[in-house]
Amino acid sequence: MATTDRQARTLALAHALSAAERGLAVIPLSRTKLPALRSPHRAGPVPGPGPAGRPCHGECGRFGHGVYDASTDPVRIRELFAAAPWATGYGIACGLPPYRLIGVDLDTKSGTDSSAALRELALRHLFTIPETVVVLTPSGGRHLWLTGPPDTVVPNSAGRLAPGIDIRGAGGYLVGPGSRTDHGVYTAVPGTAHLAPAPCPPALLRLLLPPPRAPHPAHPPTGGHGQGLVQFVLAAHEGQRNTRLFWAACRAYENGIGPALVAPLVAAARDTGLTEREARATIASAARLTGNRP
């Protein structure tokens, strides 16, 4: 067993160095597929040059920061593996130049046919998966390696694209081929190991990105007091939305800016979760109470 572990460690380092030669940043992994080096901050924060209140991503100069330790420098990689002699695998950091790797993890443990789900997505959204590196997992799953454009950050996700399909993006990592885990060895599909990761199809890339945030509605200028009332409504939590809207509308009508503030108040109320009908009914009640026509 000791000989097998020693061989696994030697092979893991060799594979990691080979991946680094291709421009892929790597870290040592344990048999559980987790980073082999524990955080130096597990007993509390260690003072360092990093900004206060922000998790340390290696600014302290010590190992143990997970994917933030990833490197293509062979000297540093050897140091990482020397600090983790129990490592039997390596992880490849996603989202970093030059490839900005995106990993499409087709899982089999969820009981769903993730490969069929990806084919269905491809048909529905009119894209094809290009020829690229494919890594087989010990459980029978597959990792597809794709690359993203330099101005795009693909987040990690689990099952968001479809059941059984996980995405490894910025801040994530893929288990590299040649790694040995508790469940077996990760291997590249024959004929794909020599390939460079292929660009992610634009239609698939759009599915991987979070939906754009809706722009905040532009409220017509009504003076400082009017904007303050709008902000008062926007700050409402569930259970106080109608109350805040009614109070703001009353103040608006009392100050002679009620009619001009109806649209901004309705938009603000909708932002908090009220329907337009509910908002207009509340504002109309405020108008009547203050002696104004809604």
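Everything here concerns the structure above.
Reading guide: rules and limits
- Residues numbered from 1 in each chain as written.
- Predicted model: local features only at pLDDT ≥ 70, side-chain atom pairs only at ≥ 80, totals over all residues.
- Heavy atoms only, no water.
- Pairing = 2+ DSSP bridges.
- Helix = DSSP H or I, 4+ residues; strand = E, 2+ residues; numbered from the N terminus.
- Axes fitted to C-alpha atoms, helices over the stretch in contact; angles between N-to-C directions.
- Contact = heavy atoms within 4.5 Å.
- Core = buried A, V, L, I, M, F, W, Y, C linked by side-chain atoms within 4.5 Å.
- Buried < 20%, exposed > 50% of the residue type's maximum accessible area, 1.4 Å probe, protein only.
- Expected span 1.5 Å × (residues − 1).
- Arc of directions from axis to C-beta.
- Parallel < 35°, antiparallel > 145°, perpendicular 65-115°, else oblique.
- Left-handed = near helix turned anticlockwise from the far one by under 90°.
- Nonpolar A, V, L, I, M, F, W, Y, C, P; charged D, E, K, R; others polar.
- Polar contact = N/O pair within 3.5 Å; in protein donor to acceptor, adjacent residues only side chain to side chain.
- Phe/Tyr/Trp six-rings, centres within 6.5 Å; stacked < 30°, edge-to-face > 60°.
- Lys NZ or Arg CZ within 6 Å of the ring centre and 35° of its normal.
- 1 Å grid on protein atoms, 1.4 Å probe; cavity = no way out; pocket = protein on both sides within 12 Å on 5 of 7 lines; lining within 4 Å.
- Points joined across faces, edges and corners; volume = space filled by probe spheres on them.

Draft legend 1. The sheet that holds strand 1 (residues 26–29), seen in detail. With antiparallel pairing, the three strands of this open sheet are ordered in space as 1-2-8. Edge positions in the open sheet fall to strand 1 and strand 8 (173–175), since each of these has one partner strand only. The mean angle between the axes of side-by-side strands here comes to 35°, regardless of whether they run parallel or antiparallel. Looking at chain direction, strand 2 (residues 89–93) and strand 8 are connected through three bridges and run antiparallel. Note that in strand 8 the partner of Ile 92 across the bridge is Leu 174. Across the sheet, helix 2 (residues 74–83) touches strand 1 and strand 2, and the angle it forms with strand 1 is around 15°.

Draft legend 2. A look at the nonpolar core. Core analysis: the biggest nonpolar cluster contains 32 residues, and Val 26, Ile 77, Phe 81, Tyr 90, Ile 92 and Trp 145 have the highest contact counts within it. Where this core is concerned, the elements lending two or more residues are helix 1 (2–21), strand 1, helix 2, strand 2 and strand 8. With residues near it in sequence (within four places) discarded, Val 26 still touches Ala 16, Ala 19, Asp 69, Ala 70, Ser 71, Ile 77, Leu 80, Tyr 90, Gly 91 and Ile 92.

Draft legend 3. Layout of helix 3 (residues 114–125). Under the 1.5 Å per step criterion, the end-to-end length of helix 3 is 16 Å for 12 residues, consistent within 8% with the ideal 16 Å. Where helix 3 is concerned, the buried positions are Ser 114, Ser 115, Ala 117, Leu 118, Leu 121 and Ala 122. Down the axis of helix 3, the buried set is contained in an arc of 160°. They therefore lie on one face. Facing away from the buried side of helix 3 by more than 90 degrees, the exposed set consists of Arg 119, Leu 123 and Arg 124. Where helix 3 is buried, its residues meet strand 3 (101–106), strand 5 (142–147), strand 6 (157–162), strand 7 (165–168) and helix 4 (202–208).

Draft legend 4. Highlighting the packing of helix 6 (residues 241–254) against helix 8 (residues 276–289). Contact pair helix 6 / helix 8: the axes reach a minimum separation of 8 Å and the direction vectors enclose 45°. Between helix 6 and helix 8, the angle is such that the two are oblique. Both helix 6 and helix 8 take part in a crossing whose hand is right-handed. Here helix 6 contributes Asn 242, Leu 245, Phe 246, Ala 249, Cys 250 and Tyr 253 to the contact with helix 8, which in turn contributes Glu 278, Ala 279, Thr 282, Ile 283, Ser 285, Ala 286, Ala 287 and Leu 289. For the contact of helix 6 with helix 8, the per-class residue count stands at 10 nonpolar, three polar and one charged.

Draft legend 5. Structural detail: the side chain of Thr 192. Position of Thr 192 relative to the elements: it lies in the loop between strand 11 (187–188) and strand 12 (198–199). When near neighbours in sequence (up to four residues on either side) are disregarded, Thr 192 contacts Thr 132, Val 133 and Val 134.

Draft legend 6. Region of the structure containing the side chain of Thr 282. By the element assignment, Thr 282 lies in helix 8. Looking at Thr 282, its side chain comes within polar contact range of the side chain of Asn 242, at 2.7 Å. Contact partners of Thr 282, with chain neighbours within four places excluded, come to Asn 242, Leu 245 and Phe 246.

Draft legend 7. Region of interest: the packing of aromatic side chains. Within this structure, the stated rule accounts for one aromatic pair. Geometrically, the ring pair formed by Phe 232 and Trp 247 is tilted, given 5.0 Å between the ring centres and 45° between the ring planes. Taken together, the residues Phe 232 in helix 5 (residues 224–234) and Trp 247 in helix 6 connect sequence positions 15 residues apart. For Trp 247, a relative accessible area of 41% translates into the label partly exposed. The aromatic ring of Phe 232 is capped on one face by Arg 244, whose charged end is 4.2 Å from the ring centroid.

Draft legend 8. Representation of the layout of surface pockets. The calculated volume of the largest pocket comes to roughly 380 Å³. Residue lining of the largest pocket: 18 residues in total, with Lys 33, Asp 105, Lys 109, His 143 and Tyr 186 positioned closest to the centre. Listing elements by their share of the lining of the largest pocket, those giving two or more residues are strand 3, strand 7 and strand 8. By residue class, the composition of the lining of the largest pocket is six nonpolar, six polar and six charged.

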